[in-house]
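Topology and contacts: notes
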Amino acid sequence: MRVTVRLFARLREIVGAPELTRDMPDGATLGVVWDRLAVEYPALEPYRASISGAVNADYARMHAPVHDGDEVAFLPPVSGG
């Protein structure tokens, strides 16, 4: 199955693009998508514990399933004030 991956802020800088399309195995979860990206882009790995994820614009946990055609997004923590 194929998913679109959107990345924001520092994650986008690491990957060098705001959006990627990747093939994933059937039964993949948001965590599987992240793990595969981290293999491809090892500098992403330190962010795993602090990122937020979404599937089709709804925040989701890493065990949430993804399906063919879904859009997933990963957002690093933000600070400000």
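Rules and cut-offs
Residues numbered from 1 in each chain as written. Predicted model: local features only at pLDDT ≥ 70, side-chain atom pairs only at ≥ 80, totals over all residues. Heavy atoms only, no water. Helix = DSSP H or I, 4+ residues; strand = E, 2+ residues; numbered from the N terminus. Rg over C-alpha atoms; globule rule 2.2 N^0.38 Å. Contact = heavy atoms within 4.5 Å. Areas by Shrake-Rupley, 256 points an atom, 1.4 Å probe, with all protein chains shown as cover. Lys, Arg positive; Asp, Glu negative; His and termini not counted. Charge placed at Lys NZ, Arg CZ, Asp CG, Glu CD. Buried < 20%, exposed > 50% of the residue type's maximum accessible area, 1.4 Å probe, protein only. Salt bridge = Lys/Arg side-chain N within 4 Å of Asp/Glu carboxyl O. Polar contact = N/O pair within 3.5 Å; in protein donor to acceptor, adjacent residues only side chain to side chain. Pairing = 2+ DSSP bridges. Phe/Tyr/Trp six-rings, centres within 6.5 Å; stacked < 30°, edge-to-face > 60°. Arc of directions from axis to C-beta.

1. Some details on the overall build of the chain
Helix and strand counts for the chain come out as two helices and five strands. Listed by position from the N terminus, the elements making up the chain come as β-α-β-α-β-β-β. Taken over the C-alpha trace, the chain has a radius of gyration of 12 Å; the compact-globule value for 81 residues is 12 Å, and the two agree within 12%. Summarising its shape, the C-alpha atoms of the chain cover approximately 40 × 25 × 20 Å along the three principal directions. By sequence separation, contacts in the chain at least 24 residues apart represent 51% of the contacts at least 6 residues apart. Surface exposure of the chain reaches about 4800 Å², of which carbon and sulfur atoms provide 50%. In the chain, the 8 positive side-chain charges and the 11 negative ones have mean positions that sit 5 Å from each other.

2. Comments concerning the side chain of Asp70
Examined against the element boundaries, Asp70 turns out to sit in the loop between β4 (58-60) and β5 (71-75). Notably, Asp70 is buried but unbridged: the nearest opposite-charge side chain belongs to Arg2, and the N-O separation is 13 Å. Side chain to side chain, Asp70 and Asn56 meet in a polar contact 2.9 Å long. What Asp70 contacts, discounting residues up to four positions off in sequence, is Arg2, Val3, Thr4, Val55 and Asn56.

3. Here we look at the pairing of strand β1 (residues 2-7)
The alternating pattern of β1 places Val3, Val5 and Leu7 on a buried face, while none of Arg2, Thr4 and Arg6, on the opposite face, is buried. Of the strand pairs in this sheet, β1 and strand β2 (residues 19-23) are connected by five bridges, and their pairing is antiparallel. Pairing of Val5 across the sheet is with Leu20, part of β2. Where β1 and β5 come together, four bridges link them in parallel fashion. Paired with Val5 across the strands is Val72, a residue of β5.

4. A closer look at the packing of aromatic side chains
By the definition in use, this model includes one aromatic pair. Consider the rings of Trp34 and Phe74, whose centres lie 5.0 Å apart with planes at 65 degrees: the pair is edge-to-face. Placement of Trp34 in helix α2 (residues 30-40) and of Phe74 in strand β5 is noted, with a sequence separation of 40 residues between them. When sorted by exposure, Trp34 lands in the same class as Phe74, which is buried.

5. A closer look at α2
Listed in full, the buried residues belonging to α2 are Leu30, Gly31, Val33, Trp34, Leu37 and Ala38. What you see down the axis of α2 is that its buried residues fit within an arc of 160 degrees, all on one side. At its buried positions, α2 is contacted by β1, α1 (9-15), β2, β3 (52-55), β4 and β5.

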